[in-house]
Amino acid sequence: MGRKVWVPVVSGPLAPYAAGFASWLASRAYSPWAAADRLYQFDQLSRWLEREGRGVGELTGEQAERFAEARRAAGLVSWASPQSVALPLGYLRQLGTAPISAPVCPQGPLEELLADYRRYLSIERGLSDHTVLDAYGPAARLFFSGRESPDGSGLERLSAADVTSFLARECPKRSVSGARDLVCALRSLLRYLHLAGLIAAPLVWAVPSVADLRDRTLPRGLEPAAVGKLLASCDRRGLVGRRDFAILLLLARLGLRAGEVAAIALDDLDWRAGLLLVHGKGSREDVLPLPTDVGEAIVSYLRRRPRCRCRALFLRVTAPREGLNRCTVAWVVRAACDRAGLPRVGAHRLRHTAATEMLRAGASLPEIGQVLRHRGQKTTAIYAKVDRTALRALARPWPSPGGGA
């Protein structure tokens, strides 16, 4: 017989929402003990609001931080950090009872320009929030930093020399891949400035190319034996092992990106037709055939997958029961490498593995590009170098020491 769980009675301004909060916790796979603990926090937060003479409509993020600060001042260690209040605050915001903190308005013309550029990337170009906020946005801010002008951006004096001098200053501080990313982000910014009518001439031509070292090396795919070790490292008797096995198969067999695996929802699987809808880069959607072994691995996981309201295919194993993100998918690959005793590799190495294996099986480059959903043939062409047997016939013979040219 299990231990009886004590459920606190919530009083104060949050009392009407306590039952809904308890149901919400249960839907996110919180155990009875964890839910009771969170309800106790809910009660403490409600009592604090009552002492402060505030209602739920005044529970902003700043007030939640004050609640945590008051607990720290009282010498308490539980629910004493601002992050600990995120769960009840998020629930009340979903209901619309707690106000969402007003976003900070851009200050000055430069901030307004950067905000418009971020909206352009998200809406017009379909880039993910991760790419906009962590790559393109910081690169644009770096380009405009230090430019003295009345509007803070210096667009009226922007020239090709400014572009090349910026890259000459910043690229030596970065690796080859980092310099390539900066060049790509700068081209995007200059296209936007011209389309928006902020600069008269299209200065994209002034951005030089970074030496593409990819053409000098072979794509680094894993050997079949290494892939077999990764798959064998998953203990498929349990939930985590079945989930990780299905993820590794999707990466190695279909060549999906980590973010694409994380984005798969239950509704994206068409079992009758044997198809999978893939949500790719730039809001692109493609339908791929679902191989039998991959489908069987997903079915095996679904038989153990916890029931919850989240429609993501792959879920966290601990509460809150939410879908994985791209970083978690990458860590699944790294953890499998550790278990298999292999050097750690990223999830993208399995994408290269899928391409090289298709090439070895006799697939043509257009067919590989179609599976990997490449936008251009040049991207797929790098895998032509993997077929060393076909390339050997094209290589010119090396002249003998005593022979002529």
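The structure under discussion appears in the preceding block.
Residues numbered from 1 in each chain as written. Predicted model: local features only at pLDDT ≥ 70, side-chain atom pairs only at ≥ 80, totals over all residues. Heavy atoms only, no water.

Chemist: Is there a simple way to think about empty space enclosed by the protein in this case?
Modeler: The method is simple in principle: a probe with the dimensions of a water molecule rolls over the atoms, and the space it marks as empty is what remains. All chains considered together, the criterion is met by 1 cavity of 30 Å³ or more. Estimates place the volume of the largest cavity at around 30 Å³. Counted by class, the lining of the largest cavity contains 5 nonpolar, no polar and 2 charged residues. (1 Å grid on protein atoms, 1.4 Å probe; cavity = no way out; pocket = protein on both sides within 12 Å on 5 of 7 lines; lining within 4 Å. Points joined across faces, edges and corners; volume = space filled by probe spheres on them. Nonpolar A, V, L, I, M, F, W, Y, C, P; charged D, E, K, R; others polar.)

Chemist: It is not clear to me how unusual backbone geometry should be interpreted in this structure. Could you clarify?
Modeler: At Trp79, a position not held by glycine, the phi torsion is positive, near 55 degrees. Within the secondary structure, Trp79 is located in the loop between α3 (61-73) and α4 (86-95). (Helix = DSSP H or I, 4+ residues; strand = E, 2+ residues; numbered from the N terminus.)

Chemist: I tried to follow α4 on my own but got confused; where do I start?
Modeler: Counting along an α-helix, one turn takes 3.6 residues, and residues three or four places apart therefore face a common direction. Looking only at α4, the buried set comprises Leu87, Pro88, Leu89, Tyr91 and Leu92. Buried residues belonging to α4 abut α1 (18-27), α2 (32-52) and α3. At the exit of α4 stands Gly96, carrying a positive phi of roughly 85 degrees. (Buried < 20%, exposed > 50% of the residue type's maximum accessible area, 1.4 Å probe, protein only. Contact = heavy atoms within 4.5 Å.)

Chemist: In this structure, what is going on with the packing of aromatic side chains? I would like to understand it.
Modeler: Both the distance between ring centres and the angle between the ring planes are used here to describe each pair of aromatic rings. The final tally for this structure, using the stated rule, is 11 aromatic pairs. Seen in terms of ring centroids, Trp24 and Tyr91 are 5.2 Å apart; in terms of plane orientation they differ by 40 degrees. Their pairing is tilted. Here Tyr91 lies in helix α4 and Trp24 lies in helix α1, a separation of 67 residues in the sequence. Accessibility classification places Trp24 together with Tyr91 in one group, the buried group. Seen in terms of ring centroids, Tyr301 and Phe314 are 5.5 Å apart; in terms of plane orientation they differ by 35 degrees. Their pairing is tilted. (Phe/Tyr/Trp six-rings, centres within 6.5 Å; stacked < 30°, edge-to-face > 60°.)

Chemist: It is not clear to me how the packing of α2 against α4 should be interpreted in this structure. Could you clarify?
Modeler: For any two helices packed against each other, the geometry is given by the interaxial angle and the distance between the axes. Close contact between α2 and α4 brings their axes to 10 Å; oriented N to C, the two are set at 75 degrees. Regarding the angle of α2 to α4, the classification is roughly perpendicular. Residues Arg38, Gln41, Phe42 and Leu45 of α2 form the contact with α4, whose own contacting residues are Leu87, Pro88 and Leu92. Here the residues of the contact of α2 with α4 are counted per class, giving 5 nonpolar, 1 polar and 1 charged. (Axes fitted to C-alpha atoms, helices over the stretch in contact; angles between N-to-C directions. Parallel < 35°, antiparallel > 145°, perpendicular 65-115°, else oblique.)

Chemist: Please clarify how the pairing of strand β3 (residues 285-289) should be interpreted in this entry.
Modeler: On a regular strand, one side chain projects to one face of the sheet and the next to the other, so that they alternate. Side chains Asp286 and Leu288 of β3 all project onto a buried face; the interleaved residues Glu285, Val287 and Pro289 project onto a face where none is buried. Bridge analysis of strand β2 (residues 275-279) against β3 gives 5 bridges, and the strand direction is antiparallel. Paired with Leu276 across the bridge in β3 is Leu288. The antiparallel pairing of β2 with β3 creates a hairpin that spans 5 residues between the two strands, and Gly282 there sits at a positive phi of about 65 degrees. (Pairing = 2+ DSSP bridges.)

Chemist: What exactly am I supposed to notice about the sheet that holds β2 here?
Modeler: Whether parallel or antiparallel, the strands of a sheet pair through hydrogen bonds between backbone atoms. Read across the sheet, 3 strands follow the order β1-β2-β3 without closing on themselves; strand pairing throughout is antiparallel. The open sheet is flanked by β1 (269-270) and β3, the only strands paired with a single partner.

Chemist: How should the layout of surface pockets be read in this particular structure?
Modeler: When its volume is computed, the second largest pocket comes out at roughly 200 Å³. What lines the second largest pocket is a set of 13 residues, and nearest its centre among them are Ala252, Arg253, Thr353, Ala354 and Glu357. The set of elements that each furnish at least two residues to the lining of the second largest pocket consists of α9 (224-232), α10 (239-254) and α14 (347-360). When grouped by side-chain class, the residues that make up the lining of the second largest pocket number 8 nonpolar, 2 polar and 3 charged.

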